[in-house]
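# What the coordinates show
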Amino acid sequence: MKYDLKEIFGYFTSEGTYSNGEPYGSGHIHDTFRVETCEKDKDNYILQRLNNNIFKNIPELQHNIERVTIHLRNKLQSIPGSNIKRECLSLIPARDGKSWIVDKDGNYWRMYIFISNHRSYNIVDSPDKAYEGGKAIGRFQAMLADMPGEPLFETIPFFHDIEKRLQTLNQKITEDPVGRAGTVGKEIDMVLQRAEEMKIILKLGKEGKIPVRITHNDTKFNNILLDENDKALCVIDLDTVMPGYVHYDFGDAIRTAANTAAEDETNLTKVNMDINLFKAYAKGYLSETGKTLNDVEKEYLAFAPKLITYTIAVRFLTDFIDGDKYFKIHHELHNIQRARAQLKLVMSMEEQYDEMKKIIRSLT
Ligand code: ADP
Ligand code: GN1
Ligand code: MG
């Protein structure tokens, strides 16, 4: 093990004694470990080495998460029967009172209570699970709608700004730092052909037709934990909770909840959007938010999955051309494989777009 997890665990004010720590989950950004404690009646923990290459301001990032989790906890406290330790992330303070530490090598770490008996899915195989995911994100947005205070810090500026993402792609194609741009001409063409239509959400925002709300911005299905009965439990991975449009959360959730295959599937015939999973997620989501969204927000919900799937394809493609500096990869072609699968998913959504619009209309 590269890190002395026991020593790092010791910097935090945990209950229970360190027993062992192992890499955990399939996130693309941080190094995540599950720490088990010796005592059966004490919590286990998630210890994360934060990616401060991507998140440039860890104190502000952590401050956001502190504010968000305090607010969520207050809300949950007023709901009878809620289990705060499982329905909301709990940051564990370090011995100096901060919610993160810097180790002797300059690594940033934070610790959460491990949410016990959860289920996490990279691929969703039933409408019931998709529905529960929709409810979880809808409720999350609804609970944060009245968070007091200043707007949240933008942990990654222009995170879902497709105009900026396309500019970066073009810049990397020109620089071609590792000589890969020539090998992905087909994917670049597929992206450029669709560039104009993807700018509509930004345009609606600039015109004031859709409001900026507090959104999660990384609603990949494995960031939504379900309980042992596959019911909505907890939304995790709060690093990108910041001002945004609801379309970003809806789109990213559909990208993952309604994909019939893995995000990086190489057999592209397996990659499709399942319309029943789409419908179920939308139903769950709108059951919590239907009353608060305005008409324009609703009208463009069906468009959102195309936008976000396209945006993530652009980001994977850009990272491939840039020499894999951003996302964790497991082999040399991983990012281009991911980009291809996401582009195939965009095409599947395009084919079913009329049906998607009909479904949203029927639910709103
Ligand atoms: P990344 O940004 O790298 O995706 P996450 O914060 O999503 O990091 O954590 C990675 C994975 O660790 C999650 O997908 C989930 O499986 C698991 N995880 C994170 N926090 C918790 C928690 N408090 N309890 C249980 N599992 C967690
Ligand atoms: C990353 O952190 P994780 O693995 O849940 C990324 C998302 C992408 C996703 C693609 C901060 O999500 O934006 O959609 O990978 N998170 C960040 O799988 O960039
Ligand atoms: Mg994650």
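Our subject is the structure listed above.
Reference entry: report on the structure contained in this document. For clarity, every value in this text was computed on a predicted model and none was experimentally measured. (Residues numbered from 1 in each chain as written. Chains lettered and ligands numbered in written order. Predicted model: local features only at pLDDT ≥ 70, side-chain atom pairs only at ≥ 80, totals over all residues. Heavy atoms only, no water.)

This part takes up the overall build of the chain. A tally of regular secondary structure across the chain gives 13 helices and 9 strands. What you see for the chain is a C-alpha radius of gyration of 20 Å, in line with the 21 Å of a compact globule of 364 residues. When the backbone C-alpha atoms are referred to their principal axes, the chain occupies close to 55 × 50 × 40 Å. Scored against the burial criterion, the 364 residues of the chain give a buried share of 55%. Put simply, 74% of the contacts in the chain that link residues at least 6 apart link residues at least 24 apart. Surface exposure of the chain reaches about 16,300 Å², of which carbon and sulfur atoms provide 49%. Computed over 49 positive and 54 negative side-chain charges, the inter-centroid distance for the chain is 2 Å. (Helix = DSSP H or I, 4+ residues; strand = E, 2+ residues; numbered from the N terminus. Rg over C-alpha atoms; globule rule 2.2 N^0.38 Å. Buried < 20%, exposed > 50% of the residue type's maximum accessible area, 1.4 Å probe, protein only. Contact = heavy atoms within 4.5 Å. Areas by Shrake-Rupley, 256 points an atom, 1.4 Å probe, with all protein chains shown as cover. Lys, Arg positive; Asp, Glu negative; His and termini not counted. Charge placed at Lys NZ, Arg CZ, Asp CG, Glu CD.)

We now examine the coordination of the magnesium ion (ligand 3). Each angle at a metal carrying four tetrahedral donors should ideally be 109.5 degrees, and each at a metal carrying six octahedral donors should ideally be 90 or 180 degrees. Protein-derived ligands of the magnesium ion (ligand 3) are N223 (OD1) and D237 (OD), with the metal-ligand distances lying across 2.2 to 2.3 Å. Separated by 14 residues along the polypeptide, N223 in the loop between β6 (213-215) and β7 (224-226) and D237 in the loop between β8 (232-235) and β9 (242-244) bring together distant segments of the chain. (Donors = N, O, S within 2.8 Å, 3.2 Å for Na, K, Ca; no water.)

Tallied over the entire structure, the rule returns 13 aromatic pairs. Pairing F33 with W109 gives two aromatic rings, centres 6.0 Å apart and planes at 35 degrees, and the pair type is tilted. Placement of F33 in strand β2 (residues 31-37) and of W109 in strand β5 (residues 108-113) is noted, with a sequence separation of 76 residues between them. No difference in accessibility class separates F33 from W109, as the two residues are buried. Across the ring face of F320, the terminal group of R180 is positioned such that the distance to the ring centre comes to 4.1 Å. Cation over ring: K306 sits above Y353, and NZ or CZ is 3.7 Å from the ring centre. (Phe/Tyr/Trp six-rings, centres within 6.5 Å; stacked < 30°, edge-to-face > 60°. Lys NZ or Arg CZ within 6 Å of the ring centre and 35° of its normal.)

Our next topic: the nonpolar core. Formed by 103 residues in total, the largest nonpolar core has its most connected members in F250, M273, F278, Y281, Y285, Y310 and L317. Sorting elements by how many residues they give to this core places helix α11 (residues 304-321) first, with 11 residues. A domain split of this core shows at least three residues from each of domain 1 (5-113) and domain 2 (127-363). Dropping the residues within four chain positions of it, Y285 is found in contact with G134, K135, I137, G138, Q141, V246, F250, L293 and L301. Listed in part, the 16 residues of the second largest apolar core include F9, Y45, L47 and M111. (Core = buried A, V, L, I, M, F, W, Y, C linked by side-chain atoms within 4.5 Å. Domains from an automatic or database assignment.)

It is worth spelling out the side chain of N259 at this point. Tracing the backbone shows N259 in the loop between α8 (246-257) and α9 (275-289). A relative accessible area of 2% places N259 in the buried class. Within the local environment of N259, its side chain forms a polar contact with the backbone nitrogen of A261, the two atoms lying 3.0 Å apart. When residues no more than four places from it in sequence are discounted, the contact partners of N259 are I123, I254, V271, N272 and L345. (Polar contact = N/O pair within 3.5 Å; in protein donor to acceptor, adjacent residues only side chain to side chain.)

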